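Architecture and fold: a report
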Amino acid sequence: MFEPPYPPYDPKDKSGYETVVKRWPVILTGIIDTIYRIDHHLGVSLETSDATSEDVTKGQEKIAEGKGIIEKIGKLKYEMARDRPLEPIPDDGEAFIDVYNAELKRLEQDKNHTWFTAPWLFAEYRLLRSYFCQTTHWCTFDPFSFQKEETFRSSGKAIYQLAKMMHELQVDKQELIGDSEKLGVLFKEMIQMCLWGNATDLSLLTHLSHDDIAHLQTVGKEAQQARKEFILKDDQDNVWSHLTSLQDNDVTVDFVLDNAGFELFTDFVFADFLVTYTPHVSRVVFHPKLIPWFVSDVTPADFSSTIPNLLSDTFFPPPKPVGGTETPGVDEVKALPPSRPEEHEYLRNMVTRWQSYIDSGVFSLSVPLDTPLGAPNSKADFWTSSRPYWDLKEKAPLVFNGLSKSGLVIFKGDLNYRKLTGDIKWPVSTPFETAIGPLAGSFPILSLRTNKADVVVGISQEIADKLDVAGEKWRVNGKYALVSFVPRT
């Protein structure tokens, strides 16, 4: 296996410490609150409804299991705060248990097996998943689903704006298809939209209001032009040249997904642009995570619920009443902008097209749409393993062989970037193709990443030094981004 010439980032640094001490406890407390509320509502309903004896028994069993999960999570918080050793993953029937536990033994030998010392990418979420999958009534429960859905509901303004943009493209479709220069300009617009869409990352943005989220998701052309100076590595032209050079009439593009909600929506928009408005792409395959991962990552259930939610007339909350009051029949009317019905029709038309693409196989998920949470599948298990992506060929040959036939594989977000580069302390001037090891050249790779962790490659040392001197937390604050492309060799 590939051995990088530099060590991984030290999990004992400030950002790693803050993750364990601040971010993880907030996330775990939110899960405890969610389970408690579900247990409480279930208990009340069993007392007040005409439930059968079988329903009561199952309900009581679920409540008891929920209390057991809460107890385990509480113990986990206690041990985490005191830098206790990580537990081995129990034999819970899900993927890569042996890989995790073998890695944990190696970390123990190196004295890096406690919560303050274990690598961040290794320590997150797999143990938590085992608490749920060992139960009867909670095994397919996503503890982050309510949070993901609520954040998605907050994205209505940007979603309607993008639906309007895609409607305007539909009007000019025939002219666009024959104009490669215009398509190239729009392609860059799509990349920036898709790039900055992952501003909605629930694992980091834990205290933002709806207005804050709307600001982060500004997708207007002026905002994109202003943001261009924050793209520290920009391979957009190279990617477009690659796509236009493909001679095959049956090109597939693969998306290795990151966050659900608004970011997944922008992934759909980008995929729609590629297959509907360019002559270069025939189909798109989306690759999800099979267990809840890094809070907001896309699961099959998230993917399957996105289109019904977008087609719903009630999913997005109405705008706030003008003047801040809520007088029925008066301010309710003022709250609805005149363009809303028209914009909703644009959205419905676009999303109905996406559904037809799913039905016909133009869009597809790498696993069945109805895959239950945690169900092992060799086409997706690797994405939630502890291994860097340069081990893909050895650890997940089925996935590797499928991607090797792709016209372009788009890795979305910060987590996928860290797994591509192994979270290694590469010098910033290291070429991206060097940092991804033997994966380079196996298939065309495009990484779209806003910086939320220390590892950065492919930029000049001069740029890094300038940002450091300015006091910018440019590696972790999500303000800067990287568009990195490596062709097939």
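An unreviewed UniProt entry lists the protein under the name Sugar phosphate phosphatase, with Somion occarium given as the organism. Word for word, the UniProt comment on the protein under Sequence similarities (unreviewed entry) is "Belongs to the damage-control phosphatase family. Sugar phosphate phosphatase III subfamily." A UniProt comment under Function (unreviewed entry) is attached to the protein, and it reads "Metal-dependent phosphatase that shows phosphatase activity against several substrates, including fructose-1-phosphate and fructose-6-phosphate. Its preference for fructose-1-phosphate, a strong glycating agent that causes DNA damage rather than a canonical yeast metabolite, suggests a damage-control function in hexose phosphate metabolism."

1. Some details on the overall build of the protein
Secondary structure assignment for the protein yields 21 helices and seven strands. Sorting the 489 residues of the protein into buried and exposed places 53% on the buried side. Accessible surface, the protein: about 21,900 Å² in total, of which carbon and sulfur atoms supply 53%.

2. Quick look at empty space enclosed by the protein
By the definition in use, this model includes seven cavities of 30 Å³ or more. Lining the largest cavity, in full, are W24, I27, L28, L76, M80, W115, A123, E124, Y125, L127 and L128. Those elements that place two or more of their residues in the lining of the largest cavity are α1 (14-48), α2 (53-81) and α5 (126-133). No other element matches α1, which puts three residues into the lining of the largest cavity. Within this model, the second largest cavity holds a volume of roughly 100 Å³. Elements with a minimum of two residues in the lining of the second largest cavity: α3 (97-109), α4 (120-123) and α5. Residue composition of the lining of the second largest cavity, grouped by class: nine nonpolar, one polar and two charged.

3. Side note on the confidence of the model for the protein
Of the residues in the protein, 88% reach a pLDDT of 70 or more, and the chain-wide mean stands at 88. Across residues 200-210, confidence stays below pLDDT 50; counting only partners more than four residues off in sequence or on other chains, it has 27 contacts. Confidence over residues 324-339 falls short of pLDDT 50; this stretch has 14 contacts with residues more than four positions distant or in other chains.

4. Some thoughts on the packing of aromatic side chains
This structure, assessed with the given rule, holds 34 aromatic pairs. With a centroid separation of 5.7 Å and 55° between ring planes, the pair formed by F187 and F270 is classed as tilted. Separated by 83 residues along the polypeptide, F187 in helix α9 (residues 180-196) and F270 in helix α13 (residues 262-276) bring together distant segments of the chain. Each member of the pair F187 and F270 is classed as buried. Between F382 and W383, the aromatic rings sit 6.0 Å apart at their centres with planes inclined by 70°, giving edge-to-face as the arrangement. F382 gets classed as buried once you look at its relative accessible area, which sits at 1%. K62 extends its terminal NZ or CZ atom over the ring of W138, reaching a point 4.9 Å from the ring centre. Across from the ring centre of Y78, 3.6 Å away, lies the NZ or CZ of R82, which sits over that ring.

5. A short note on the sheet that holds strand β3 (residues 283-287)
Pairing within the open sheet is mixed, and its seven strands lie in the order β1-β7-β6-β5-β2-β3-β4. Looking at strand neighbours, the two that pair on one side only are β1 (231-234) and β4 (363-365), the edges of this open sheet. Ignoring which end each strand starts from, the neighbouring axes of this sheet average 15° apart. Bridge analysis of β1 against strand β7 (residues 481-486) gives three bridges, and the strand direction is parallel. When the sheet's bridge partners are listed, I231 is paired in β7 with A481.

6. Thoughts on α3
For α3, with 13 residues, the first-to-last C-alpha span of 19 Å sits near the 18 Å given by 1.5 Å per residue. Those residues of α3 hidden inside the fold are in contact with α4 and α5. Immediately beyond the C-terminal end of α3, within one or two residues, lies K111, with a positive phi of roughly 65°.

7. Things to note about the pairing of β3
The element β3 is extensively covered by neighbouring structure, given that four of its five residues are classed as buried. Across five bridges, the pairing between strand β2 (residues 252-256) and β3 is parallel. In the strand pairing of β3, V256 is matched with H287. In this region the chain leaves β2, passes through α13 and returns to the parallel neighbour β3; the handedness of that crossover is right-handed. Where β3 and β4 come together, three bridges link them in parallel fashion. Its bridge partner being in β4, V284 is matched across the sheet by F363.

8. Let's talk about the environment of F122
Tracing the chain through its elements places F122 in helix α4. Expressed as a C-alpha distance, the spacing of F122 and S385, which sit 263 residues apart in the sequence, is 8.3 Å. Residue contacts for F122: discarding those within four places in its chain leaves L86, Y100, E103, L104, L107 and S386.

9. So, unusual backbone geometry
Phi at D83 takes a positive value of approximately 55°, unusual for a residue other than glycine. Judged by its relative accessible area of 26%, D83 falls in the partly exposed class. At D423, a position not held by glycine, the phi torsion is positive, near 55°. Relative to the helices and strands, D423 is located in the loop between α19 (413-421) and α20 (432-435).

10. Points about the packing of α2 against α5
At a minimum axis distance of 10 Å, the contact between α2 and α5 shows a crossing angle of 160°. As far as their axial angle goes, α5 and α2 are roughly antiparallel. Considering how the two elements wind past one another, α2 and α5 form a crossing that is right-handed. On α5, the residues that touch I69, K72, I73 and L76 of α2 are L127, L128, Y131 and F132. Residue composition of the contact of α2 with α5, by class: seven nonpolar, no polar and one charged.

11. Considerations on the environment of F286
Residue placement: F286 occurs in strand β3. For F286, a relative accessible area of 0% puts it in the buried group. Sequence separation between F286 and F268 is 18 residues; the distance between their C-alpha atoms is 9.4 Å. Excluding residues that lie within four positions of it along the chain, F286 makes contacts with F255, L257, D267, F268, A271, F303, F363, S364, L365 and S366.

Cut-offs and rules
- Residues numbered from 1 in each chain as written.
- Predicted model: local features only at pLDDT ≥ 70, side-chain atom pairs only at ≥ 80, totals over all residues.
- Heavy atoms only, no water.
- UniProt positions renumbered as here; feature names shortened; annotations may be inferred.
- Helix = DSSP H or I, 4+ residues; strand = E, 2+ residues; numbered from the N terminus.
- Buried < 20%, exposed > 50% of the residue type's maximum accessible area, 1.4 Å probe, protein only.
- Areas by Shrake-Rupley, 256 points an atom, 1.4 Å probe, with all protein chains shown as cover.
- 1 Å grid on protein atoms, 1.4 Å probe; cavity = no way out; pocket = protein on both sides within 12 Å on 5 of 7 lines; lining within 4 Å.
- Points joined across faces, edges and corners; volume = space filled by probe spheres on them.
- Nonpolar A, V, L, I, M, F, W, Y, C, P; charged D, E, K, R; others polar.
- pLDDT = per-residue confidence, 0-100.
- Contact = heavy atoms within 4.5 Å.
- Phe/Tyr/Trp six-rings, centres within 6.5 Å; stacked < 30°, edge-to-face > 60°.
- Lys NZ or Arg CZ within 6 Å of the ring centre and 35° of its normal.
- Pairing = 2+ DSSP bridges.
- Axes fitted to C-alpha atoms, helices over the stretch in contact; angles between N-to-C directions.
- Expected span 1.5 Å × (residues − 1).
- Right-handed = clockwise from strand over helix to strand, strands pointing away.
- Parallel < 35°, antiparallel > 145°, perpendicular 65-115°, else oblique.
- Left-handed = near helix turned anticlockwise from the far one by under 90°.

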